[in-house]
Amino acid sequence: MASSLKIATIFLLCLFVAQPFAAQATITCGTVARALGPCIPYLQGKGAVATACCGGVRSLLSAASTTPDRQQVCRCLKSAAGSVRGLNYRAAAGLPGACRVSIPYAISPKTDCTKVR
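Residues numbered from 1 in each chain as written. Predicted model: local features only at pLDDT ≥ 70, side-chain atom pairs only at ≥ 80, totals over all residues. Heavy atoms only, no water.

- Under the annotation held in an unreviewed UniProt entry, the chain carries the name Non-specific lipid-transfer protein and is attributed to Kalanchoe fedtschenkoi.
- Under the heading Function (unreviewed entry), UniProt records this for the chain: "Plant non-specific lipid-transfer proteins transfer phospholipids as well as galactolipids across membranes. May play a role in wax or cutin deposition in the cell walls of expanding epidermal cells and certain secretory tissues."
- Listed in UniProt under the heading Sequence similarities (unreviewed entry), the comment for the chain reads: "Belongs to the plant LTP family." (UniProt positions renumbered as here; feature names shortened; annotations may be inferred.)

Here it is, written out as structure tokens:
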């Protein structure tokens, strides 16, 4: 009986110790940049949305399966937007629709990434 109690205690301790690590994002801004790099011409108004762009959008959407990941993608998008010359925010906001996907937040410099779920 005592060994069962010890095992249960260790198990619960492991859960509490691992909890903070589980809430960390696993997606990096490098991953976001690689996935959405093919979208740059479209976002600058230099042509139609490329197949590779939509493939990147879909792969990023499927990779961002947790709230921390989605918040990280949001932060990366906002950060990268400032470095893209001639970025058309209207095209950026319409990118999910152009790729026929739905994301849980608006792509906009005004989006509060802490509220993305």
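### Focus: the overall build of the chain
Stage number 1. Looking only at helices and strands, the chain features 6 helices and 0 strands.
Stage number 2. Helices (α) and strands (β) of the chain occur, in sequence order from the N terminus, as α-α-α-α-α-α.
Stage number 3. Across the 117 residues that make up the chain, the buried fraction comes to 31%.
Stage number 4. When contacts within the chain are restricted to residue pairs at least 6 apart in sequence, long-range pairs at least 24 apart make up 74% of them. (Helix = DSSP H or I, 4+ residues; strand = E, 2+ residues; numbered from the N terminus. Buried < 20%, exposed > 50% of the residue type's maximum accessible area, 1.4 Å probe, protein only. Contact = heavy atoms within 4.5 Å.)

### Some points on the environment of Ser-65
Stage number 1. In this structure, Ser-65 sits in the loop between α4 (51-63) and α5 (67-81).
Stage number 2. Along the chain, Ser-65 and Thr-26 lie 39 residues apart, while their C-alpha atoms are 9.8 Å from each other.

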